[in-house]
Amino acid sequence: MSKFTKEDIYKSVKEENVRFIRLQFTDLLGIIKNVEIPVSQLEKALDNKMMFDGSSIEGFVRIEESDMYLFPDLDTWVIFPWTSEKGKVARLICDIYSPDGTPFDGDPRGILKRVLKEMEDLGFTEFNIGPEPEFFLFKNDDKGEPTLELNDKGGYFDLAPTDLGENCRRDIVLELEDMGFEIEASHHEVAPGQHEIDFKYADAVNTCDNIQTFKLAVKTIARKHGLHATFMAKPLFGVNGSGMHANMSLFKDGKNAFYDESTESGLSETAMHFLAGILKHAQDFTAITNPTVNSYKRLVPGYEAPCYVAWSMQNRSPLIRIPASRGVSTRIEVRSVDPTANPYLAMAVLLASGLDGIKNKLAAPKPIDRNIYVMDKDEREAEGIKDLPATLKEALVNLSKSEVLTKALGEHATEHFIEAKEIEWDMFRTQVHPWEREQYMSLY
């Protein structure tokens, strides 16, 4: 059931004095792109006739095949609450289509929809995700450029006056609620300057749309407070990085397919197979869920981020935790994902991994209920615990060899993603970093 019709949108434009519409989509690296049109072009946009040059977008197409069409999803109609001075700005999130009228292979939102179709073919009706994106707030300098100076000295769940980001965070929550978000919690995170705002779970496509909208809102409102919000995975050495834990469940006709009251754990066979699929493919999907050179500075022992492939009911050191709630709230929490991930691709590979577990009835290993960080290598090997990739390069090699995940992403996206990320890795690898000069200039 659609929430909005074309007539609803025209009415909203008139009543709210909307002057511009941003037609948004996401490139392969997860960056939001938009084509802004005046309201006079809205009819053309709603008739799916707006074109843009796909060759100028990261990972899309070559120059000789550059024309692409934007198909707005009417249900994503939102008026930005922070743009009311001279007429408001609204947005529609779009799917990308090729000139021949078929969905474009390399559109991240379309890739997620393809994997969801596979889920439906297996008899499930929804893939619900509750994301927990974390971010840091840094002060801007006089020119409006970000500094490395944090806006507070707060810690986990601290309140003002230690948490100077509180007013900014409250503003973000209010603006998000104006845009239809249901905010469940908002608090200071473990590191100084670090924050988390959790919003209600939704089906996969809606959740990914919400993550992208959330990032945009956070950055926009932080700037109004003279702050720079960053979703970089590990902006500072020696403190916790930012994660985006993904709480996932499959539903079948309104019932949570991960719950089974007759088992001791409350987890169904479906949940255990899904869990086994995630563990099996964890080393392969990490390039997508942790896609930057910097992501791997977060996945190290000692800062609450997982670096070992294991699962547990209560322990927070493994990759997967099963939160205590049961019934409709039964879910699997994957803790490795970070907020630099393209959400559509990240959720597509997590779903594809879990579905592979269900299709092949994979058996989950036993849970690891002790702190993996204090186990040595031999102990981990004895328990069958593998390590997540230590670098982006290692992660890319794993991804390229995974039949299940390259099939889920499709040839176009796999090839362009790996190519872009190999360039990124090479730029990093060949750069001389300040650390090297500190270590070696005097010594040698």
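Please read all numbers here as calculations on a predicted model, not as lab measurements. (Residues numbered from 1 in each chain as written. Predicted model: local features only at pLDDT ≥ 70, side-chain atom pairs only at ≥ 80, totals over all residues. Heavy atoms only, no water.)

Caption draft 1: Region of interest: the packing of aromatic side chains. Enumeration over the complete set of coordinates arrives at 14 aromatic pairs. Residues phenylalanine 258 and phenylalanine 274 carry aromatic rings whose centres are separated by 5.1 Å and whose planes lie at 55° to one another, so their mutual orientation is tilted. On the criterion of sequence distance, the pair formed by phenylalanine 258 in the loop between β14 (255–256) and α6 (269–289) and phenylalanine 274 in helix α6 is long-range, its members being 16 residues apart. A residue is classified by how much of its surface remains accessible, and phenylalanine 258, at 0% relative accessible area, is buried. Look at phenylalanine 274 and you get buried, because its relative accessible area is 0%. Summarising the aromatic geometry, the rings of tryptophan 435 and tyrosine 440 are spaced 5.9 Å apart at their centres and angled 90° between planes, so their arrangement reads as edge-to-face. By relative accessible area, tyrosine 440 is classed as partly exposed at 40%. Three or more aromatic residues link up through ring pairs in this structure, and these residues are Phe135, Phe181, Phe199, Phe214 and Phe231. Note that lysine 215 overlies the ring of phenylalanine 231, its terminal NZ or CZ placed 6.0 Å from the centroid. The positively charged end of lysine 252 is found above the aromatic ring belonging to phenylalanine 124, 5.0 Å away from the centroid. (Phe/Tyr/Trp six-rings, centres within 6.5 Å; stacked < 30°, edge-to-face > 60°. Helix = DSSP H or I, 4+ residues; strand = E, 2+ residues; numbered from the N terminus. Buried < 20%, exposed > 50% of the residue type's maximum accessible area, 1.4 Å probe, protein only. Lys NZ or Arg CZ within 6 Å of the ring centre and 35° of its normal.)

Caption draft 2: Structural view of the environment of glutamate 36. For glutamate 36, the position within the fold is in strand β2 (residues 32–38). Taking the relative accessible area as the measure of exposure, glutamate 36 reaches 39% and is therefore partly exposed. Sequence-wise, glutamate 36 and lysine 3 are 33 residues apart; in three dimensions their C-alpha atoms are separated by 23 Å. Those residues in contact with glutamate 36 that sit more than four places away from it in its chain are Phe20, Ile21, Arg22 and Val89. A distance of 2.9 Å separates a polar atom in the side chain of glutamate 36 from a polar atom in the side chain of arginine 22. (Contact = heavy atoms within 4.5 Å. Polar contact = N/O pair within 3.5 Å; in protein donor to acceptor, adjacent residues only side chain to side chain.)

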